[in-house]
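# Architecture and fold: a report
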Amino acid sequence: MEIIRVPKIMLDTSKTFLLHGKTIGFVPTMGALHDGHLSLVRRAREENSITVVSIFVNPAQFGPNEDFNIYPRDLEGDTEKLIKEKVDILFLPDASSIYPEGYLTYVNVENLSEKLCGAFRHGHFRGVTTIVAKLFNIVKPTRAYFGQKDFQQSVIISKMTYDLNMDIDIVVCPTVRDKDGLAMSSRNSYLDNSQRQAATIIYKCLKETSESIKSGIIEIKNVKNFMLDFLRKEPLISEIDYAGIYDISSLEELSAEKENMLLAIALRIGNTRLIDNMLINIKEERKY
Ligand code: PAF
């Protein structure tokens, strides 16, 4: 695996690959890699001739009181994992090459970036779309891979690529879960044992709600309260940012049934903010 740190070298390398008719599969990450990331890497390898992974803990997507400084970093472990996965290139820029002094340009997908997590993490998605747009310009991927766990992020990035005429396929891959259902996340490492146990309520809530909708036990207009009542049973949850059912494109809260719907949750256990979601397709899955 080649490690490239300089954006211009990454760009020239990608241009050469493309000139030779290769396809580039790209997995942007912030490191602390787990099986969720590795599932994206495997998919990228299957579908492309070259696989590029980036690791960059992007300061622009963290608020002033968020966890940028303590965000888990494990470059040595990550490098080993990526070598094992036979990744071709690890792109590892430093902050000064991405945001040099005098940097002024940001990309923002309006409206969608203010919904759900955006209402609680002001400027977060502007930071995400800015770095992803920059990485896309540097890596020039044919396809880019994102996890469904960050569903809102994938909707926003798909919209950005569409609106800005970027010729890149956005591939959204299924959430990878621990055996007890907790969605894999680099932030799970912040949880102590009892908090880790408490966090399993998130997936239980999504599953129970989804099954209750499919079997007609609850109406869409009652879903939010059903989920909040369910989650409030767990005393270690310190705050619920949101829980409810949403349109999969506009991310608006739903009060009536649609064929495809998104159940989504964001909450805090102690200081750790966790998110998860589940898609429901009524036509495919209705049990009665
Ligand atoms: O999902 C992430 O890890 C980050 O938001 C991303 C897409 C790598 C941008 O920094």
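In what follows, the structure referred to is the one given above.
Our subject in this report is the structure included herewith. These figures come from a predicted structure and were not determined experimentally. (Residues numbered from 1 in each chain as written. Predicted model: local features only at pLDDT ≥ 70, side-chain atom pairs only at ≥ 80, totals over all residues. Heavy atoms only, no water.)

All right, on to empty space enclosed by the protein then. Empty pockets left among the atoms are what a rolling probe the size of a water molecule brings to light. Taken as a whole and assessed by the stated rule, the structure comprises one cavity of 30 Å³ or more. One number sums up the size of the largest cavity: a volume of about 50 Å³. Lys149, Leu182, Ala183, Ser185, Asn188, Ile202, Leu274, Ile275 and Asp276 together form the lining of the largest cavity. When residues in the lining of the largest cavity are grouped by element, the largest group, three residues, is from strand 9 (residues 272-281). In terms of residue class, the lining of the largest cavity is made up of five nonpolar, two polar and two charged. (1 Å grid on protein atoms, 1.4 Å probe; cavity = no way out; pocket = protein on both sides within 12 Å on 5 of 7 lines; lining within 4 Å. Points joined across faces, edges and corners; volume = space filled by probe spheres on them. Helix = DSSP H or I, 4+ residues; strand = E, 2+ residues; numbered from the N terminus. Nonpolar A, V, L, I, M, F, W, Y, C, P; charged D, E, K, R; others polar.)

So, about the sheet that holds strand 7 (residues 237-247). A sheet is described by the order of its strands in space; here three strands give the open sequence 7-8-9, paired in antiparallel fashion. If you trace the sheet from one side to the other, it starts and ends with strand 7 and strand 9, each paired once. Adjacent strand axes in the sheet meet at a mean angle of 10 degrees when their direction is disregarded. In the sheet, strand 7 pairs with strand 8 (residues 260-269) via nine bridges, with the strands oriented antiparallel. Pairing of Ala243 across the sheet is with Ile265, part of strand 8. (Pairing = 2+ DSSP bridges. Axes fitted to C-alpha atoms, helices over the stretch in contact; angles between N-to-C directions.)

Before going further, it helps to spend a moment on the pairing of strand 9. With eight of ten residues buried, strand 9 lies mostly within the body of the structure. Alignment of strand 8 against strand 9, held across ten bridges, turns out to be antiparallel. Bridging from a neighbouring strand, Asn260 pairs with Asn281 of strand 9. (Buried < 20%, exposed > 50% of the residue type's maximum accessible area, 1.4 Å probe, protein only.)

Here the focus is the pattern of salt bridges. Within this structure, the stated rule accounts for 13 salt bridges. Two residues, Asp180 and Arg196, come together in a salt bridge whose shortest N-O distance is 3.0 Å. You can see Asp180 sitting in the loop between strand 6 (169-173) and helix 8 (193-198) and its partner Arg196 sitting in helix 8, a full 16 residues away along the chain. Assessed through its relative accessible area of 35%, Asp180 is described here as partly exposed. Arg273 is the salt-bridge partner of Asp241, the closest N and O atoms lying 2.8 Å from each other. Taken together, the residues Asp241 in strand 7 and Arg273 in strand 9 connect sequence positions 32 residues apart. By relative accessible area, which is 10% here, Asp241 ends up buried. One connected set of salt bridges, linked through shared partners, spans Asp178, Asp180 and Arg196. (Salt bridge = Lys/Arg side-chain N within 4 Å of Asp/Glu carboxyl O.)

This brings us to the site of the ligand. As a structural note, the neighbourhood of the ligand is formed by Pro28, Thr29, Met30, Asn58, Gln61, Ile131, Val132, Phe146 and Gln153. In this structure, Gln61 approaches the ligand through a side-chain N or O atom, which is 2.6 Å from an oxygen atom. In the environment of the ligand, an oxygen atom lies 2.7 Å from a nitrogen or oxygen atom belonging to the side chain of Gln153. Surface burial for the ligand is 89%, taken as the share of its 290 Å² of free accessible area covered by protein chains. At the level of secondary structure, the elements contributing two or more residues to the shell around the ligand comprise strand 2 (24-29) and helix 6 (124-139). Residue composition of the shell around the ligand, by class: five nonpolar, four polar and no charged. (Near = heavy atom within 4 Å. Polar contact = N/O pair within 3.5 Å; in protein donor to acceptor, adjacent residues only side chain to side chain. Areas by Shrake-Rupley, 256 points an atom, 1.4 Å probe, with all protein chains shown as cover.)

Here we come to the packing of helix 6 against helix 7 (residues 151-163). With their axes 10 Å apart at the nearest point, helix 6 and helix 7 run at an angle of 50 degrees to one another. By the angle class used here, helix 6 and helix 7 are oblique. Considering only the axes of helix 6 and helix 7, their crossing is right-handed. When helix 6 is examined against helix 7, the residues Phe125, Val128, Thr129, Val132, Ala133 and Phe136 are found in contact with a partner set consisting of Gln152, Gln153, Ile156, Ile157, Met160 and Thr161. Its residues assigned to classes, the contact of helix 6 with helix 7 comprises eight nonpolar, four polar and no charged. (Parallel < 35°, antiparallel > 145°, perpendicular 65-115°, else oblique. Left-handed = near helix turned anticlockwise from the far one by under 90°. Contact = heavy atoms within 4.5 Å.)

Glancing now at the sheet that holds strand 4 (residues 89-91). Across a sheet, paired strands are connected by hydrogen bonds in the backbone, their directions being either parallel or antiparallel. The strand order across the open sheet formed by six strands is 1-4-3-2-5-6, and the pairing between neighbours is parallel. Since the sheet does not close on itself, it has two edges, and those belong to strand 1 (2-4) and strand 6, each with one partner. Geometrically, the sheet is characterised by an average inter-axis angle of 25 degrees between neighbouring strands, direction not taken into account. As paired strands, strand 5 (residues 143-147) and strand 6 are joined by five bridges and run parallel to one another. Looking across to strand 6, one finds that Gly147 is bridged to Cys173. Against the sheet, helix 1 (residues 7-19) touches strand 1, strand 2, strand 3 (50-55) and strand 4, its axis set at about 145 degrees to strand 4.

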